[in-house]
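Now for the letters of each chain:
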Amino acid sequence: MKLDRVIAVRNNKTVYRDGDKCVKVFNESYSKADVLNEALNQARIEETGLNIPKILEVTTIDGKWAIVSEFIKGKTLAQLMQENPDKKDEYLEMFVDLQIKVHGKTCPLLNKLKDKMNSKISQAELDATTRYDLHTRLEGMPKHNKICHGDFNPSNIIVTDDGVPYIIDWSHVTQGNASADAARTYLLFWLEGDIEGAKQYLDLFCKKSNTAKQYVQKWMPIVAASQSVKGNEKEREFLLSWVDVVDYE
């Protein structure tokens, strides 16, 4: 393998291109179980028929675990939005349609979103009373089993030259309530500083999925608290500012 073209660098992994392959190499400290779980989840999503890069192999490179999948040639939706601001509405439509398509699928063997969130809330830097409120709120939310991407944002959609969109990065996928996934996407727009985009997105998602906006908003403190466990200090501060449960009562 020629790992000379770096596509992306994250906290604990580096993504390379090797011809028509995409190679995600994890740091030595990364858990083997987490790597194998990510590969398994992506393979399961492949079987739903959604447009995603296929996994080719799981291997080790210089003692580090790596997932090899198809390389999808194209531009991310985030790049296209930046390059063609006049088409942002059109791209946002495509984005929401794709997310709703994902939510239309089920995959019974995936981890449950509620379990993951309960565990993250327990780890959050919050006082016991707030954590209790959030756990109670989470337990009271309707239980669904829709596929939730968990990090659905325009930089995780690649559009090929002939206009076919592919959804990448399935490391956070779970099954659960689609509105929690939408709340996560809304917060991701905010984290990018695109507040107008966040509002536009939420309006469009609620309209197209026939979901009450208040319902998605009820998820926001829960999602923000569970996401605050990872990320840098600035992101954590921002997310924790959303955790005032009372606001949405």
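In what follows, the structure referred to is the one given above.
A quick note: this is a predicted structure, and the numbers were derived from the prediction, not measured. (Residues numbered from 1 in each chain as written. Predicted model: local features only at pLDDT ≥ 70, side-chain atom pairs only at ≥ 80, totals over all residues. Heavy atoms only, no water.)

### What to know about helix α9 (residues 233-240)
Along an α-helix, residues three or four apart share an orientation, since each turn contains 3.6 residues.
Next, step 1: Within the sequence span of α9, burial applies to Arg236, Phe238 and Leu239. Seen along its axis, α9 keeps its buried residues to an arc of 165°; they face one direction. Seen from the buried face of α9, the exposed residues on the opposite side, beyond 90 degrees, are Lys234 and Glu237.
Next, step 2: Against the buried residues of α9 lie α6 (178-191) and α8 (213-227). (Buried < 20%, exposed > 50% of the residue type's maximum accessible area, 1.4 Å probe, protein only. Helix = DSSP H or I, 4+ residues; strand = E, 2+ residues; numbered from the N terminus. Arc of directions from axis to C-beta. Contact = heavy atoms within 4.5 Å.)

### A few points about the sheet that holds strand β8 (residues 157-159)
Next, step 1: Ordered by their spatial adjacency, 3 strands build an open sheet running β6-β8-β9, and the pairing between neighbours is antiparallel. Each of the sheet's edge strands pairs with one partner strand only, and the pair in question is β6 (75-76) and β9 (165-167). (Pairing = 2+ DSSP bridges.)

### Some remarks on the pattern of salt bridges
Next, step 1: Going through the model one piece at a time under the given rule, you end up with 11 salt bridges.
Next, step 2: In this structure, Glu93 engages Lys208 in a salt bridge whose closest nitrogen and oxygen atoms are separated by 2.9 Å. Of this pair, Glu93 sits in helix α3 (residues 88-103) while Lys208 is found in helix α7 (residues 195-209), placing the two residues 115 residues apart along the sequence.
Next, step 3: Note on Glu93: relative accessible area 35%, which makes it partly exposed.
Next, step 4: Using a relative accessible area of 34% as the deciding quantity, one classes Lys208 as partly exposed.
Next, step 5: In this structure, Arg184 engages Asp151 in a salt bridge whose closest nitrogen and oxygen atoms are separated by 3.9 Å. Of the two residues, Arg184 is situated in helix α6 and Asp151 in the loop between β7 (146-148) and β8; the sequence distance between them amounts to 33 residues.
Next, step 6: The network of salt bridges with common partners includes Lys24, Glu38 and Asp169. (Salt bridge = Lys/Arg side-chain N within 4 Å of Asp/Glu carboxyl O.)

### Quick look at the packing of aromatic side chains
Here a ring pair, both rings aromatic, is described through the centre-centre distance and the interplanar angle of the planes.
Next, step 1: The final tally for this structure, using the stated rule, is 10 aromatic pairs.
Next, step 2: With a centroid separation of 4.6 Å and an interplanar angle of 45°, the aromatic rings of Phe26 and Tyr30 are classed as tilted.
Next, step 3: You can call Phe26 buried: its relative accessible area is 0%.
Next, step 4: Arranged with centres 6.1 Å apart and planes meeting at 70°, the rings of Phe238 and Trp242 form a pair that is edge-to-face.
Next, step 5: Judged by relative accessible area, Trp242 falls into the buried class, the value being 13%.
Next, step 6: Connected via pairs of aromatic rings, a cluster forms that spans Phe95, Phe152, Phe189, Tyr201 and Phe205. (Phe/Tyr/Trp six-rings, centres within 6.5 Å; stacked < 30°, edge-to-face > 60°.)

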